[in-house]
Amino acid sequence: MIQEVIITTQNAEGVSHIAPMGVHIIDDEFIILPFRPSITLNNILQTESAIINYCDDVRIFAGCLTGRRDWPLTATEKIQGHFISSALAHKELKLDRIEDDETRPKLFCKAIHSVNHAPFQGFNRAQYAVLEAAILVSRLKMLSIEKIDSEIEYLSIGLNKTAGEKEREAWSWLLALVKTHKQELTQA
Ligand SMILES: Cc1cc2nc3c(=O)[nH]c(=O)nc-3n(C[C@H](O)[C@H](O)[C@H](O)COP(=O)(O)O)c2cc1C
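So, here is what we can say about the structure in this document.

The rules behind these values
Residues numbered from 1 in each chain as written. Predicted model: local features only at pLDDT ≥ 70, side-chain atom pairs only at ≥ 80, totals over all residues. Heavy atoms only, no water. Axes fitted to C-alpha atoms, helices over the stretch in contact; angles between N-to-C directions. Helix = DSSP H or I, 4+ residues; strand = E, 2+ residues; numbered from the N terminus. Parallel < 35°, antiparallel > 145°, perpendicular 65-115°, else oblique. Left-handed = near helix turned anticlockwise from the far one by under 90°. Contact = heavy atoms within 4.5 Å. Pairing = 2+ DSSP bridges. Expected span 1.5 Å × (residues − 1). Buried < 20%, exposed > 50% of the residue type's maximum accessible area, 1.4 Å probe, protein only. Phe/Tyr/Trp six-rings, centres within 6.5 Å; stacked < 30°, edge-to-face > 60°. Near = heavy atom within 4 Å. Areas by Shrake-Rupley, 256 points an atom, 1.4 Å probe, with all protein chains shown as cover. 1 Å grid on protein atoms, 1.4 Å probe; cavity = no way out; pocket = protein on both sides within 12 Å on 5 of 7 lines; lining within 4 Å. Sits in = over half its atoms within 2 Å of the grid points. Nonpolar A, V, L, I, M, F, W, Y, C, P; charged D, E, K, R; others polar.

## Topic: the packing of helix H3 (residues 125–138) against helix H5 (residues 165–187)
Moving on, step 1. Their axes nearest at 10 Å, the elements H3 and H5 cross at an angle of 25°. One finds that H3 runs roughly parallel with respect to H5. Between H3 and H5 the crossing geometry is left-handed. Mapping the contact onto sequence places Ala126, Gln127, Ala129, Val130, Ala133, Ala134 and Val137 in H3 and Glu167, Ala170, Trp171, Leu174, Leu177 and Val178 in H5.

Pasting the structure below:
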């Protein structure tokens, strides 16, 4: 199973970094797979720890992809670091072992502490649409304009039917980036 989460890490100097990642879960192992180059990768190698944040505020996913990484953080309990203050839950991880790879190393981690902060309120198609659009935005350079347009058109159906303020704001950030990318492609 893969869970789409926000990973918070710190470098050796204590500077925090946040990034959306798809974490693979096998038994009691959490496998983080950052594509090189990656600040998340560097930080985990430096501190041998990471935090998984389970977030339903999809602005954080869209924000990280559009240069808005300044989300409120709270100090973690068992490891040095921070979790996202608005996360519904977080897990504090220690790095267990690494399967190195030139493109995408596998970082096998174990949870040493888990905390629930707020109840899960159910699924919303707009949250899903923003999450998928954020993934699309993270891969813009690999996609044709036709593919981007057709994905956005499909995702906007669920978005328009169910979005609240947060999802609309997140969507607008992503669409602005898509628009700029398309302009750059057509001018090139
Ligand atoms: C839902 C979602 C899942 C993602 N999963 C991954 C992932 O598993 N590995 C990865 O390298 N980037 C992933 N990305 C893209 C990264 O968040 C983005 O490229 C980020 O800047 C990673 O680089 P960093 O560690 O230097 O911040 C994902 C993005 C989204 C929106």
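## What about the sheet that holds strand E3 (residues 29–32)?
Moving on, step 1. The strand order around the closed barrel built from six strands is E1-E2-E3-E8-E7-E4, with neighbouring strands paired in antiparallel fashion. Across the sheet, the mean angle separating the axes of adjacent strands is 45° when strand polarity is ignored.
Moving on, step 2. Against the sheet, helix H1 (residues 39–47) engages strand E1 (2–10), strand E2 (16–26), E3, strand E4 (49–54), strand E7 (89–99) and strand E8 (106–116), with an angle of about 60° to E1.

## Section: H5
Moving on, step 1. In this model, H5 (23 residues) spans 33 Å end to end at C-alpha, consistent with the 33 Å of a helix rising 1.5 Å per residue.
Moving on, step 2. Turning to H5, its buried residues are Glu167, Ala170, Trp171, Trp173, Leu174, Val178 and His181.
Moving on, step 3. Lining the buried residues of H5 we find helix H2 (59–65), H3 and helix H4 (145–162).

## Digging into the packing of aromatic side chains
Moving on, step 1. Following the criterion strictly, the structure yields two aromatic pairs and no others.
Moving on, step 2. Ring centres of Trp71 and Trp173 lie 6.3 Å apart, and the angle between their planes is 45°; on these two criteria the pair is classed as tilted. With a gap of 102 residues between them, Trp71 in the loop between H2 and strand E5 (73–75) and Trp173 in helix H5 connect regions that are remote in the sequence.
Moving on, step 3. Judged by relative accessible area, which is 16%, Trp71 ranks as buried.
Moving on, step 4. The class of Trp173 is buried, set by a relative accessible area of 13%.
Moving on, step 5. Geometrically, the ring pair formed by Phe120 and Phe123 is edge-to-face, given 5.4 Å between the ring centres and 75° between the ring planes.

## Observations regarding the site of the ligand
Moving on, step 1. As a matter of local geometry, the ligand sits amid 17 residues, with His17, Pro20, Phe35, Ser38 and Thr40 nearest to it.
Moving on, step 2. When the ligand sits alone it has 620 Å² of accessible area, and the protein chains cover 85% of it.
Moving on, step 3. Judged by its atoms lying within 2 Å of the grid points, the ligand is housed in the largest pocket.
Moving on, step 4. Of all elements in the fold, only E2, H1 and H3 reach the threshold of two or more residues within the shell around the ligand.
Moving on, step 5. When residues of the shell around the ligand are assigned to their parent elements, the largest contribution, five residues, is made by E2.
Moving on, step 6. Taken together, the residues of the shell around the ligand break down into ten nonpolar, four polar and three charged.

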